[in-house]
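Here is how the chains run, residue by residue.
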Amino acid sequence: MNIIKELENKIKLLKSRISLSTKQLEEFELGSLKLSLIARASAELSIEKNNFLLNKYTQKLKKLYTENLKEVHEKEKNKEEIRRRNYFKYQIHRIKRDKQRSPQEIENALIILDELPAELELEDFDIFEIGNKSKALFLDVHSDLDDDLLEIKNEFLKLVENKFNDTNTELKLLNYQIPIIILQLRTLLHNVKENIQELNLPEFKGFPRFQDWWIHELWTSHQAYLGLFKWKKIVLSLFISCEQKKAFEHIFANWILIKKMLNVKGENAYFYNHAFDQMILKYAELDEEQNEENLVSLKNIVAQIAEQRNCESIYDKEILVNDYTKFKIEKRNSQKRK
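A. Representation of the nonpolar core in the model. Leu 185, Trp 231, Phe 248, Trp 255 and Tyr 272 are the most contacted members of the largest nonpolar core, which has 53 residues in total. Elements supplying a minimum of two residues to this core: helix H4 (103-115), helix H5 (124-136), helix H6 (146-160), helix H7 (177-198), helix H8 (212-216), helix H9 (222-237), helix H10 (242-265) and helix H11 (270-284). Here this core gets 10 residues from one element, more than from any other, and that element is H7. Beyond its immediate chain neighbours, meaning those up to four positions away, Trp 231 contacts Pro 208, Arg 209, Phe 210, Trp 214, Phe 248, Phe 252, Trp 255 and Leu 286. Counting 9 residues, the second-largest nonpolar core is a separate cluster that includes Leu 7, Leu 14, Ile 18 and Tyr 57.

B. Examining the packing of H7 against H11 more closely. Two numbers describe how H7 lies on H11: the axes approach to 9 Å, and their chain directions differ by 20 degrees. Relative to H11, the element H7 is oriented roughly parallel. Between H7 and H11 lies a crossing whose hand is right-handed. Contact residues: Ile 178, Ile 182, Leu 185, Arg 186 and Leu 189 in H7; Tyr 272, Phe 276, Met 279, Ile 280, Tyr 283 and Ala 284 in H11.

C. Quick peek at H6. Over its 15 residues, H6 extends 21 Å from the first C-alpha to the last, a length consistent with the 21 Å expected when each residue adds 1.5 Å. The set of residues buried in H6 consists of Leu 149, Ile 152, Lys 153, Phe 156 and Val 160. Down the axis of H6, the buried set is contained in an arc of 100 degrees. They therefore lie on one face. Pointing more than 90 degrees away from the buried face of H6 are the exposed residues Asp 147 and Lys 158. Once H6 ends, the next one or two residues include Asn 162, with phi positive near 65 degrees.

D. Examining unusual backbone geometry more closely. Although it is not a glycine, Asn 200 sits at a positive phi angle of roughly 55 degrees. Position of Asn 200 relative to the elements: it lies in the loop between H7 and H8. Note on Asn 200: relative accessible area 70%, which makes it exposed. In this structure, Glu 285 takes a positive phi of about 60 degrees despite not being glycine. Relative to the helices and strands, Glu 285 is located in the loop between H11 and helix H12 (292-309). By relative accessible area, Glu 285 is classed as partly exposed at 35%.

Thresholds applied
- Residues numbered from 1 in each chain as written.
- Predicted model: local features only at pLDDT ≥ 70, side-chain atom pairs only at ≥ 80, totals over all residues.
- Heavy atoms only, no water.
- Core = buried A, V, L, I, M, F, W, Y, C linked by side-chain atoms within 4.5 Å.
- Buried < 20%, exposed > 50% of the residue type's maximum accessible area, 1.4 Å probe, protein only.
- Helix = DSSP H or I, 4+ residues; strand = E, 2+ residues; numbered from the N terminus.
- Contact = heavy atoms within 4.5 Å.
- Axes fitted to C-alpha atoms, helices over the stretch in contact; angles between N-to-C directions.
- Parallel < 35°, antiparallel > 145°, perpendicular 65-115°, else oblique.
- Left-handed = near helix turned anticlockwise from the far one by under 90°.
- Expected span 1.5 Å × (residues − 1).
- Arc of directions from axis to C-beta.

The structure is reproduced here in structure tokens:
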């Protein structure tokens, strides 16, 4: 702004004049310069007048600086808003044209982008990361099951709609994964029942019931871990083929991951967690144990396992220091000797 430049020049000139008048008076006081009474009065008046103007212009300049900064900040804010709006407006086109990603990565990202709630905006990198992770965790569905997936998804969304707020809106990211896990487990259950019928084996009585506290206390209680471990072992024994067991391992890992995420959110995710439990019970016959006698019975089984494993003791030093650890210690020692 021209006015700011003019004020800066005026302030610079005033400081120069004040400095010159001050120097004259100092030299007069030291006796190295002779000044008439009128000249000395003029110098003192000049300092007083210029100090007044300097203070006036400095305050005005500060005000203009502040106003100018606000104006600049507002312009930058508007530019950033436009940039962000355009970034997400053209995100799908940008992802499709990304030359540094493989066709499979782009396809994975587009699936996530299609399922992403409108109010959730994620950077391209995050979209690709979620897409790749979903593929790695087998969070995909055969095209023949698309109608079934859509039915499950719509039913699930009806259970959770209108219950989101500022503290739990990120849960919407799971709107894509949860219906897939439910469908995968239902498909696996159907496959098991078909195999049993074909082989004339005893009727499938369903999955054993799990206990929700196992998941909630998983990283803090060895009893929770052992209980979940025992339950998983029982479930795996129900499957006939290796493919079925492998499929359940992946479904189990995803189920535990999501349940842990919902447990971390606490009360803010109760409605979402309950909807997940309702749906997985309806479509995959997976239910939580609530019978007190059964809870006590399983608690005793877990206690026996814990006692056998002696969870309160620690392994011998010889076992703790394995071959690889010995290799690293030797490597470190040899470097020190050098």
